[in-house]
Amino acid sequence: MFDQAFCELTNRSQNLLEIKEIANYVHPGDQAQFRKNVSNILHRPRRTAQYRCKFDDTGYQWWEFRYSVLQHYEQNPIITGLLVNIQEIKDKEEELIRARKLAEQAELKQSFLANMSHEIRTPLNALSGFSSLLTEEGLDDETRRQCNEVIQQNSELLLKLINDVIDLSSLEFGKLQFCIAQHDAVSICRNVIDTVNKVKQTQAELTFTTELEEMPIETDDSRLQQVLINLLINATKFTPQGSIVLKLEKETDDTVLFTVTDTGCGIPKDKQANIFQRFEKLNENAQGSGLGLSICQLIIEHIGGQIWIDSEYAEGSRFCFTHPISQTGRKENKK
């Protein structure tokens, strides 16, 4: 039973309305929840529910149903309550959500600029200081050699930081091009191990293990190598001794699993949840932009895999990521 105001709103001559007739006014997207609530109406005699309804020419608006069951007839229960238009409240909620998102974006932008300023300042100061030192007269050859090494290291660090920022921006805006073709994952892993072994600054043993003779996958080999090298270089920074192992295995008929396991200092449990966030660094004094793992995550997700840290491994740290064997199914699923 509805009052006269509702009848005028809906241009109805009768104020008696069955539940199934009310459903005609409910938005298609809310129909499933409405039917579920109706089916439980006798079990929950008092209830408040919100639905988008179209009672007049103004279109769908948010309404709140506040009702209680007066008579528990199985087929036709008698219900009383209020029907309240809450569209204005919903509009305010949307405004608050938009304002919060804008504030978060502003905060992220401010944080990004602050971190970038800090990360760029360190190599720039080194470049400026040691370049000035080289202009002084009377420097011996050994001092000049050391200055040149510092300048070279910080030039590479600055270049990597710039490249990381470009990669991150390109990945987020979908501008980074991926050249997908069939490559052997076993060969890629062996090449990566050879590369990192030549540049590593640790006594830890770096090895590759797999039971596969070959593993053809559809991937961008340069981007996959970028991820593997990043994970391995990170491991070398925190594993002065012991071992670092890259492992490749076929996880399912559709995916392969890569793992990088080290016996280093590990990552504290309270920091593992944020390890893939931008500028997240375990050691603030260690070289690096703090963007590497964020980029790895974006690359792996773009290719169709998932990346995570094994929280159960306690002998150091272990990073894992999956990679689809074929990209065909993914393209079809996207369509």
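Residues numbered from 1 in each chain as written. Predicted model: local features only at pLDDT ≥ 70, side-chain atom pairs only at ≥ 80, totals over all residues. Heavy atoms only, no water.

Draft legend 1. Looking closely at the confidence of the model for the protein chain. Looking at the protein chain, the pLDDT average stands at 81 and 76% of residues meet or exceed 70. No element of the protein chain has a lower mean pLDDT than helix 10 (residues 328-334), which averages 56, and none a higher one than strand 8 (residues 255-262), which averages 97. (pLDDT = per-residue confidence, 0-100. Helix = DSSP H or I, 4+ residues; strand = E, 2+ residues; numbered from the N terminus.)

Draft legend 2. Representation of the side chain of Ser 317. Counting through the fold element by element, Ser 317 comes out in strand 10 (residues 317-324). Classification of Ser 317 by relative accessible area gives buried; the value is 8%. A distance of 2.6 Å separates a polar atom in the side chain of Ser 317 from a polar atom in the side chain of Asp 262. Apart from residues lying up to four places away in sequence, Ser 317 is in contact with Val 260, Thr 261, Asp 262, Gly 266 and Ile 267. (Buried < 20%, exposed > 50% of the residue type's maximum accessible area, 1.4 Å probe, protein only. Polar contact = N/O pair within 3.5 Å; in protein donor to acceptor, adjacent residues only side chain to side chain. Contact = heavy atoms within 4.5 Å.)

Draft legend 3. Broad picture of the sheet that holds strand 10. In spatial order, the strands read 5-7-8-10-9; together these 5 strands make up an open sheet with mixed pairing. Only two strands of the sheet have a single neighbouring strand rather than two, namely strand 5 (205-210) and strand 9 (307-309). Across the sheet, the mean angle from the axis of one strand to that of its neighbour is 15°, orientation sign disregarded. Pairing analysis gives 8 bridges linking strand 8 to strand 10, with the strands arranged antiparallel. Bridge assignment links Asp 262 to a residue of strand 10, and that residue is Ser 317. (Pairing = 2+ DSSP bridges. Axes fitted to C-alpha atoms, helices over the stretch in contact; angles between N-to-C directions.)

Draft legend 4. Fine view of the packing of helix 6 (residues 185-199) against helix 7 (residues 221-237). Viewed as axis vectors pointing N to C, helix 6 and helix 7 meet at an angle of 40°, and their least axial separation amounts to 10 Å. The orientation of helix 6 relative to helix 7 falls into the category oblique. Seen along the crossing, helix 6 lies across helix 7 with a hand that is right-handed. Two secondary-structure elements touch here, helix 6 through Ile 188, Cys 189, Val 192, Ile 193, Thr 195, Val 196 and Val 199 and helix 7 through Asp 221, Leu 224, Gln 225, Leu 228, Ile 229, Leu 232, Ile 233 and Thr 236. Residue composition of the contact of helix 6 with helix 7, grouped by class: 11 nonpolar, 3 polar and 1 charged. (Parallel < 35°, antiparallel > 145°, perpendicular 65-115°, else oblique. Left-handed = near helix turned anticlockwise from the far one by under 90°. Nonpolar A, V, L, I, M, F, W, Y, C, P; charged D, E, K, R; others polar.)

Draft legend 5. Summary view of the packing of helix 7 against helix 9 (residues 292-303). Where helix 7 meets helix 9, the axes come as close as 10 Å, and the angle between the chain directions of the two elements is 145°. Judged by the twist between their axes, the crossing of helix 7 over helix 9 is left-handed. Counted together, Arg 223, Gln 226, Val 227, Asn 230, Leu 231 and Asn 234 of helix 7 and Gly 292, Leu 293, Ile 295, Cys 296, Ile 299 and Ile 300 of helix 9 form the full contact between these two elements. Residue classes in the contact of helix 7 with helix 9 are distributed as 7 nonpolar, 4 polar and 1 charged.

Draft legend 6. Region of the structure containing the nonpolar core. Counting residues in each nonpolar core, the largest one holds 40 residues, and the members touching the most others are Met 215, Leu 228, Leu 232, Leu 248, Phe 258, Phe 319 and Phe 321. Going through the elements one at a time, helix 6, helix 7, strand 7 (243-250), strand 8, helix 9, strand 9 and strand 10 are the ones with two or more residues in this core. Ranked by the residues each element gives to this core, the list is headed by helix 6, at 7 residues. Other than its neighbours up to four places away in sequence, Leu 228 contacts Ile 188, Cys 189, Val 192, Leu 246, Phe 258 and Phe 321. Among the nonpolar cores identified, the runner-up in size contains 12 residues, and Tyr 25, Ala 49, Tyr 51 and Tyr 67 belong to it. (Core = buried A, V, L, I, M, F, W, Y, C linked by side-chain atoms within 4.5 Å.)

Draft legend 7. Molecular detail of the packing of aromatic side chains. Across all of its chains, the model carries 6 aromatic pairs by this definition. With centroids separated by 5.2 Å and ring planes inclined at 70°, the aromatic side chains of Tyr 51 and Phe 65 adopt a geometry described as edge-to-face. With Tyr 51 in strand 1 (residues 46-53) and Phe 65 in strand 2 (residues 61-71), the pair connects residues that are 14 residues apart, well separated along the chain. Taken together through their ring pairs, the aromatic side chains of Tyr 25, Phe 55 and Trp 63 make up a single cluster. The ring of Trp 62 carries the charged tip of Lys 90 above its face, separated from the ring centre by 4.4 Å. Geometry around Tyr 313 places Arg 318 over its ring, the cationic atom sitting 4.2 Å from the centre. (Phe/Tyr/Trp six-rings, centres within 6.5 Å; stacked < 30°, edge-to-face > 60°. Lys NZ or Arg CZ within 6 Å of the ring centre and 35° of its normal.)

Draft legend 8. Expanded view of the pattern of salt bridges. Under the criterion given, the structure shown has 6 salt bridges. Between Arg 52 and Asp 30 there is a salt bridge; the shortest N-O distance is 3.0 Å. With a gap of 22 residues between them, Arg 52 in strand 1 and Asp 30 in the loop between helix 2 (19-22) and helix 3 (31-39) connect regions that are remote in the sequence. Accessibility expressed as a relative area gives 25% for Arg 52, which makes it partly exposed. (Salt bridge = Lys/Arg side-chain N within 4 Å of Asp/Glu carboxyl O.)

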